[in-house]
Amino acid sequence: APPPARRWPWRAHQCGEEGGGMLTDNFETHAQRFLEPSLSHKDRLTLAQEIRESIEIVQTSEYGNFLQHFVGAFNLYLRGTSTETSPFYVRPEERFKTEEASYRTRQVLLEILNRVPTTEVLRPFAPNLLKLCMYLLENDDEENAV
């Protein structure tokens, strides 16, 4: 028999079960899990996809809490994939292959950041997000940079 499906501890339900969604009470733990250096590229991609699928959180009062923890985590990861001293470093010959999990993770994170509403809640994070965008324009591939 196949192993049981993995359930991320921060998921309220698996997608498709009773609406799915992310727990809203501990973003710090979820962001730390995303940044675990021992997490495989495939598992990090799955985690990023689940965050993207739960993006409705940005329409609630938890939006600021979401931003506080995930903007920093995404920033560390996105910058880290091109920084040799980072635990997230991916060699260039792998980093730009569109079928690689690390590449797809970067795409998903950029999609999430692109989908966050530009409200007053985002204002304190805007300078760091703009710096991150400039960094990615200079260091990522053309498809992700755009």
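Residues numbered from 1 in each chain as written. Predicted model: local features only at pLDDT ≥ 70, side-chain atom pairs only at ≥ 80, totals over all residues. Heavy atoms only, no water.

Draft legend 1. Quick look at the overall build of the protein. Across its full length, the protein carries seven helices and two strands. Counted from the first residue to the last, the protein has its helices and strands arranged as β-β-α-α-α-α-α-α-α. Out of the 146 residues belonging to the protein, those deemed buried represent 42%. Sequence separation of at least 24 residues holds for 68% of the intrachain contacts in the protein that already meet a minimum separation of 6. For the protein, the exposed area adds up to about 8,300 Å²; of that, 51% sits on carbon and sulfur atoms. (Helix = DSSP H or I, 4+ residues; strand = E, 2+ residues; numbered from the N terminus. Buried < 20%, exposed > 50% of the residue type's maximum accessible area, 1.4 Å probe, protein only. Contact = heavy atoms within 4.5 Å. Areas by Shrake-Rupley, 256 points an atom, 1.4 Å probe, with all protein chains shown as cover.)

Draft legend 2. Structural context of the nonpolar core. Ranked by size, the top nonpolar core spans 34 residues in total, and within it Phe66, Leu67, Phe74, Leu109 and Ile112 carry the most contacts. Contributions of two or more residues to this core are made by helix H1 (27–34), helix H2 (41–53), helix H3 (63–80), helix H5 (101–115) and helix H6 (126–139). Counting residues per element, this core draws most heavily on H3, at nine residues. (Core = buried A, V, L, I, M, F, W, Y, C linked by side-chain atoms within 4.5 Å.)

Draft legend 3. Structural detail: H3. For H3, which comprises 18 residues, the first-to-last C-alpha distance of 25 Å matches the rise-based estimate of 26 Å (1.5 Å per residue) to within 8%. Of all the bends in H3, the largest measures some 25° and sits at phenylalanine 70. Taken residue by residue, H3 has Tyr63, Phe66, Leu67, His69, Phe70, Val71, Ala73, Phe74, Asn75, Tyr77, Leu78 and Gly80 as its buried positions. (Expected span 1.5 Å × (residues − 1). Bend = angle between axes of the 7 residues up to and from the residue.)

Draft legend 4. Spotlight on the pattern of salt bridges. Per the counting criterion, the structure on display carries six salt bridges. For the salt bridge of glutamate 36 with arginine 33, the shortest nitrogen-to-oxygen distance reads 2.8 Å. On the basis of relative accessibility, which here comes to 16%, the residue arginine 33 falls in the buried class. Of the charged contacts, one joins glutamate 111 and arginine 115 as a salt bridge, the two residues approaching to 3.6 Å between their closest N and O atoms. Of the two residues, glutamate 111 and arginine 115 both sit in helix H5, four residues apart, roughly one turn of that helix. When salt bridges that share partners are traced, they join Arg52, Glu111 and Arg115 into one network. (Salt bridge = Lys/Arg side-chain N within 4 Å of Asp/Glu carboxyl O.)

Draft legend 5. Structural context of the packing of H3 against H5. Between H3 and H5, the least distance of the axes is 11 Å, while the angle of their chain directions is 145°. In the packing of H3 onto H5, the handedness of the crossing is left-handed. Note on element contacts: H5 touches H3 through Ser102, Thr105, Arg106, Leu109, Leu110, Ile112 and Leu113, opposite Phe66, Val71, Phe74, Tyr77 and Leu78. Of the residues assigned to the contact of H3 with H5, the class counts are nine nonpolar, two polar and one charged. (Axes fitted to C-alpha atoms, helices over the stretch in contact; angles between N-to-C directions. Left-handed = near helix turned anticlockwise from the far one by under 90°. Nonpolar A, V, L, I, M, F, W, Y, C, P; charged D, E, K, R; others polar.)

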